[in-house]
Amino acid sequence: MSKYKIAWLPGDGVGVEVLEAAKIVLDKLRLDADYIYGDIGWEFWCKEGDAFPQRTVDLLKSVNAAMFGAITSKPVKAAAAELIPELQNEGLTYRSPIVRMRQMFDLYICLRPCKAFEGNPLNYKENIDLVVFRENTEGMYSGVEFNPVPQELADLLRKISKPFTPFKDIPLDKYAISCKINTRKGSERIIRAAFDFAKKFNRKKVTVVHKSNVVRATDGLFLETAKEVAKDYPDIAMDDANIDAMTMWLLKNPYNYDVIVAPNLFGDIISDLCAQMVGGLGFGCSGNIGEKLAVFEPTHGSAPKYVGLYKVNPIATILSAKMMLEWLGEIDKADKLQKAVAEVIKEGNVKTYDMGGSNTTLDVANAVAEKI
Ligand code: IPM
Ligand code: MG
C-alpha cells in the first residue's frame, strides 16, 4: 500500500492538461501515492444534474489530499439545452462545485502564495513575495441568496431595516439579496492561520483587508477580531487597509506587504491582483486547506478556447502540487520541486506562450522534471 491516497480531479477543459503536467513532476519525485480519479465538472452536470456527484464527495472523505484542475461554469439557462432530456424539466440550479467543496469539507483557508521567480519576463517587479490568506467558507460566498425575494424576508426587512429604503416599494421579483455572513469563529480561524504562518516563516507583518468604514457589521467584526488575535503575536506587526485603497497601494509599493488576510470576496480579488504581479494566471497556485483535508488547484479557469492545444502554462498547477507536498509534510520533495521550477524559469529556454515562448504544457513539465 502506498503512503498517501490522493484524489485526482482534473475537471474540465485545460484542467485535464495541467494535471497531466503536475503528474509528470510528482512521478519524477517518486511520491509514494495512489492517485484516484474522481468525476467532477460540467460534463456531470449535463449528464446527471450534479457537477460534484456524491461518489466524488465520498472519495474526498477517504483521501489525504486532492489535486483539482478547473471547472467550466456556464449560465444555467443557456446551458439547459446540453442537459440530457430526463433532466430538462428539473429546474436545476448550478452552484460552483469548488465553492461547495470548500464549504462541505470546511476548507477554511485559501492559501495563495505569490512569489516572483527570478527571470520571469512577466514579473511586475522583481522579488515580490506575498502570501494571501483568503477566508474560504463564508462572507459573500455564504450562498444565502434570494432572487426573487421571499415575502417573509421582505416583510421582516421592511420592519427592521432602516438605512436602506428604496426596496420598500419594489415588487419582490424586481430586486435580489445576497447575504454576506461573517462569523466570529470563521474570522478568527483564518486570521490566526495568517499569523501562525507569519510566525512559522519569520514574516514581519500581517495586513488585514476589509471595508469596515462602510460594511460595518461584517467587516467591522473581521477587523475587530484581527485586532484581538494580533495581541497573541507581539512579534508580528499588523496593519489594515480598506480593499479599494489596498489595490492601489499594492500596485504602488508591493514591498510594503508581506502576509495579507481577507474575507472571502476581497481575498478572491486581492489574490488575482497579487498573482498578476508575479506573472498572471500561469503562476497563481492555491490550496484550500481544512483540518482534515486539503485540495490544491491552480486559480485559473478551464480556458475552453485552449482545450486540447496543450498551450497553457502548467506552473500554477505544478506549484500547487508543491503546496500539496508541504501539506503532506514532504518538505524535501517540495523544496526540490520549487528549485526545479525556479531553474527552468531562470534559464528561460522552455516557455509557454504567456511567457513569450512556444513550448507546450508538457514541455514545461518535462523540463521541470529533468531538473529534479
Ligand atoms: C477562485 C475562483 C473561484 C472563486 C470561482 C471559479 C468560483 O475565482 O478560486 O478564485 O470565486 O472562488
Ligand atoms: Mg478568483
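Each remark here, short or long, concerns the structure printed above.
Just so it is clear, the structure is predicted and the values come from calculations on it, not from any experiment.

Asker: Can you break down the overall build of the protein residue by residue, with the values?
Answerer: A count of helical and extended segments in the protein gives 13 helices and twelve strands. Taken over C-alpha atoms, the radius of gyration comes to 22 Å for the protein, in line with the 21 Å a tight globule of 372 residues would show. For the protein, the spread of C-alpha atoms along the three principal axes comes to 65 × 60 × 40 Å. When the 372 residues of the protein are sorted by exposure, 52% land in the buried category. Sequence-distant contacts in the protein: of pairs separated by 6 or more residues, those separated by 24 or more amount to 77%. A distance of 3 Å separates the average location of the 47 positive side-chain charges in the protein from that of its 49 negative side-chain charges.

Asker: How would you sum up the site of ligand 1? Please name residues and give values.
Answerer: Close contacts around ligand 1 come from Ser96, Val99, Arg102, Arg112, Arg134, Tyr141 and Asp268, and that covers them all. Contact distances for ligand 1 include 2.7 Å between an oxygen atom and a side-chain N or O atom of Arg112. Between Arg134 and ligand 1, the recorded distance is 2.9 Å, taken from a side-chain N or O atom to an oxygen atom. Taken by itself ligand 1 offers 320 Å² of open surface, and the protein chains cover 69% of this. Residues that form the shell around ligand 1 fall into these classes: two nonpolar, one polar and four charged.

Asker: Can you tell me about the pairing of strand S1 (residues 4-11), naming the residues and giving the values?
Answerer: Most of S1 is tucked away: seven of the eight residues are buried. Between S1 and its parallel partner strand S2 (residues 33-37), the chain crosses via helix H1 (residues 15-28), and the hand of that crossover is right-handed. Note that S1 and strand S3 (residues 65-70) share five bridges and pair parallel. By the bridge assignment, Trp8 is partnered in S3 with Met67.

Asker: Account for the nonpolar core, with residues named and values stated.
Answerer: Ranked by internal contacts, the top residues of the largest apolar core, which has 62 residues, are Ile6, Leu31, Phe133, Val261, Met324, Val341 and Val368. Ranked by residue count, the leading element in this core is helix H11 (residues 315-328), at eight residues. Formed jointly, this core draws a minimum of three residues from each of two domains, domain 1 (1-107 + 291-372) and domain 2 (129-140 + 181-277). Apart from residues no more than four positions distant in its own chain, Leu31 is found in contact with Tyr4, Ile6, Leu26, Met324, Leu325, Leu328, Glu330 and Lys333. Among the nonpolar cores identified, the runner-up in size contains 23 residues, and Ala7, Trp45, Phe52 and Val295 belong to it.

Asker: Account for the pattern of salt bridges, with residues named and values stated.
Answerer: The full count for this structure, using the stated rule, is 25 salt bridges. Across the pair Asp239 and Lys205 runs a salt bridge whose closest N-O atoms are separated by 2.8 Å. Highlighted residues: Asp239 in strand S9 (residues 237-242) and Lys205 in strand S8 (residues 205-210), separated in sequence by 34 residues. Residue Asp239 is classed as partly exposed on the basis of its relative accessible area, which comes to 24%. One connected set of salt bridges, linked through shared partners, spans Arg184, Glu188, Arg192, Glu228 and Asp232.

Asker: Lay out the packing of aromatic side chains in plain terms, naming residues and giving numbers.
Answerer: In total, this model carries six aromatic pairs according to the counting rule given. Residues Phe195 and Tyr233 carry aromatic rings whose centres are separated by 5.0 Å and whose planes lie at 25° to one another, so their mutual orientation is stacked. Of this pair, Phe195 sits in helix H7 (residues 184-200) while Tyr233 sits in the loop between helix H8 (216-230) and S9, and the two are 38 residues apart along the sequence. Residue class for Phe195 comes out buried when judged on its relative accessible area of 0%. Each ring, one from Phe197 and one from Phe201, has its centre 4.8 Å from the other, and the planes form 45°; the classification is tilted. An aromatic cluster of at least three residues, connected via ring pairs, comprises Phe133, Phe197 and Phe201. Over the aromatic face of Tyr141 sits the side chain of Arg134, whose NZ or CZ is 4.9 Å from the ring centroid. Cation over ring: Lys311 sits above Tyr353, and NZ or CZ is 4.7 Å from the ring centre.

Asker: Account for the packing of helix H9 (residues 243-252) against helix H10 (residues 264-277), naming residues and giving values.
Answerer: Geometry of a packed helix pair, given as the angle between the helix axes and the separation of the axes. The contact between H9 and H10 brings their axes to 11 Å, and the two run at 10°. Taken together, H9 and H10 sit at an angle that is classed as roughly parallel. For the pair H9 and H10, contact is made by Ile243, Met246, Thr247, Leu250 and Leu251 and by Phe266, Ile270, Leu273, Cys274 and Met277, respectively. Of the residues in the contact of H9 with H10, the class split is nine nonpolar, one polar and no charged.

Asker: A description of the side chain of Thr72 should follow, citing residues and the corresponding values.
Answerer: Note on placement: Thr72 falls in the loop between S3 and helix H4 (76-79). Residue Thr72 is classed as buried on the basis of its relative accessible area of 15%. Here Ser302 takes part through its side chain, which lies 2.6 Å from a polar atom of the side chain of Thr72. For Thr72, the contacting residues outside a window of four places in its chain are Asp12, Trp42, Tyr94, Ser302 and Pro304.

About the criteria used
Residues numbered from 1 in each chain as written. Chains lettered and ligands numbered in written order. Predicted model: local features only at pLDDT ≥ 70, side-chain atom pairs only at ≥ 80, totals over all residues. Heavy atoms only, no water. Helix = DSSP H or I, 4+ residues; strand = E, 2+ residues; numbered from the N terminus. Rg over C-alpha atoms; globule rule 2.2 N^0.38 Å. Buried < 20%, exposed > 50% of the residue type's maximum accessible area, 1.4 Å probe, protein only. Contact = heavy atoms within 4.5 Å. Lys, Arg positive; Asp, Glu negative; His and termini not counted. Charge placed at Lys NZ, Arg CZ, Asp CG, Glu CD. Near = heavy atom within 4 Å. Polar contact = N/O pair within 3.5 Å; in protein donor to acceptor, adjacent residues only side chain to side chain. Areas by Shrake-Rupley, 256 points an atom, 1.4 Å probe, with all protein chains shown as cover. Nonpolar A, V, L, I, M, F, W, Y, C, P; charged D, E, K, R; others polar. Right-handed = clockwise from strand over helix to strand, strands pointing away. Pairing = 2+ DSSP bridges. Core = buried A, V, L, I, M, F, W, Y, C linked by side-chain atoms within 4.5 Å. Domains from an automatic or database assignment. Salt bridge = Lys/Arg side-chain N within 4 Å of Asp/Glu carboxyl O. Phe/Tyr/Trp six-rings, centres within 6.5 Å; stacked < 30°, edge-to-face > 60°. Lys NZ or Arg CZ within 6 Å of the ring centre and 35° of its normal. Axes fitted to C-alpha atoms, helices over the stretch in contact; angles between N-to-C directions. Parallel < 35°, antiparallel > 145°, perpendicular 65-115°, else oblique.

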